[in-house]
Amino acid sequence: MFKRLALATAALGMLAAPAVQADEAAEMTRGEQKLAKMLEGRVAGEPQNCIRTIGSRSLTSIDDTALVYRDGKTVWVNYTRTPDAIDDGDYLVIKKFSATSLCRTDQIQTYDRAGDFFSGVIMLDDFVPYRIVEEG
């Protein structure tokens with residue numbers, strides 16, 4: 001009797017799993033959904049204190065979520081210690097300590113695009129690399 005009950009409970013749980021996943025997706029913010037789409041098919045690697053920023057690649061800010069930097073096939077994500085300070089209506093002023101790298105110790109200030117006034121500070125954290133998984 002116990003085995004039948006356990007099997008029935010497991011079967012019901014499996015039926016409910018897609019609903020739970022749909023609920024989780026519905027609970028994601030717009031920024032989290034945008035980031036999830038950017039990272040689709042990628043796997044997180046070992047977080048790094050600094051990333052190389054040679055070239056003209058830009059840093060993308062995702063509202064209330066993270067900062068993203070693309071380097072070839074790698075997407076670097078900095079979830080920051082203050083994600084609520086990231087606002088699409090602001091522009092970033094980065095005070096780097098190295099000409100070739102962006103590090104968690106660098107300072108990022110935000111300024112309102114419309115009024116051009118100081119609006120906050122973004123505190124960086126480690127940069128997490130996301131790479132496409134090579135099959136085979």
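Bear in mind the structure is a predicted one, so any value in this text is a computation, not a measurement.

**Let's talk about the packing of aromatic side chains**
Thinking step 1. Scanning the entire structure with this criterion turns up two aromatic pairs.
Thinking step 2. Seen in terms of ring centroids, Y91 and Y111 are 5.7 Å apart; in terms of plane orientation they differ by 20°. Their pairing is stacked. Taken as a pair, Y91 in strand β6 (residues 90-95) and Y111 in strand β8 (residues 107-112) lie far apart in primary sequence, 20 residues in all.
Thinking step 3. Exposure remark for Y91: the relative accessible area of 30% places this residue in the partly exposed category.
Thinking step 4. Between Y111 and F118, the aromatic rings sit 5.7 Å apart at their centres with planes inclined by 75°, giving edge-to-face as the arrangement.

**Here's the deal with the pattern of salt bridges**
Thinking step 1. Throughout the structure, instances matching the rule amount to two salt bridges.
Thinking step 2. With its nearest N and O atoms 3.3 Å apart, the salt bridge here joins R104 to D125. You can see R104 sitting in the loop between β7 (101-103) and β8 and its partner D125 sitting in the loop between β9 (118-122) and β10 (128-132), a full 21 residues away along the chain.
Thinking step 3. By relative accessible area, R104 is classed as partly exposed at 28%.
Thinking step 4. A salt bridge links D126 to R104; the shortest N-O distance between them is 2.9 Å. In this pair, D126 sits in the loop between β9 and β10 while R104 sits in the loop between β7 and β8, placing the two residues 22 residues apart along the sequence.
Thinking step 5. In this structure, a network of salt bridges that share partners links the residues R104, D125 and D126.

**Here we look at a nonpolar patch on the surface**
Thinking step 1. A cluster of nonpolar side chains, contributed by F118, V121 and M123, occupies part of the molecular surface with about 260 Å² of accessible area.
Thinking step 2. Among the secondary structure elements, V121 is positioned in strand β9.
Thinking step 3. Taking relative accessible area as the criterion, V121 reaches 38% and is therefore assigned partly exposed.

Rules behind the numbers
Residues numbered from 1 in each chain as written. Predicted model: local features only at pLDDT ≥ 70, side-chain atom pairs only at ≥ 80, totals over all residues. Heavy atoms only, no water. Phe/Tyr/Trp six-rings, centres within 6.5 Å; stacked < 30°, edge-to-face > 60°. Helix = DSSP H or I, 4+ residues; strand = E, 2+ residues; numbered from the N terminus. Buried < 20%, exposed > 50% of the residue type's maximum accessible area, 1.4 Å probe, protein only. Salt bridge = Lys/Arg side-chain N within 4 Å of Asp/Glu carboxyl O. Patch = residues over 30% accessible without salt bridge, like charges linked within 9 Å, V, L, I, M, F, W, Y side chains within 5 Å. Areas by Shrake-Rupley, 256 points an atom, 1.4 Å probe, with all protein chains shown as cover.

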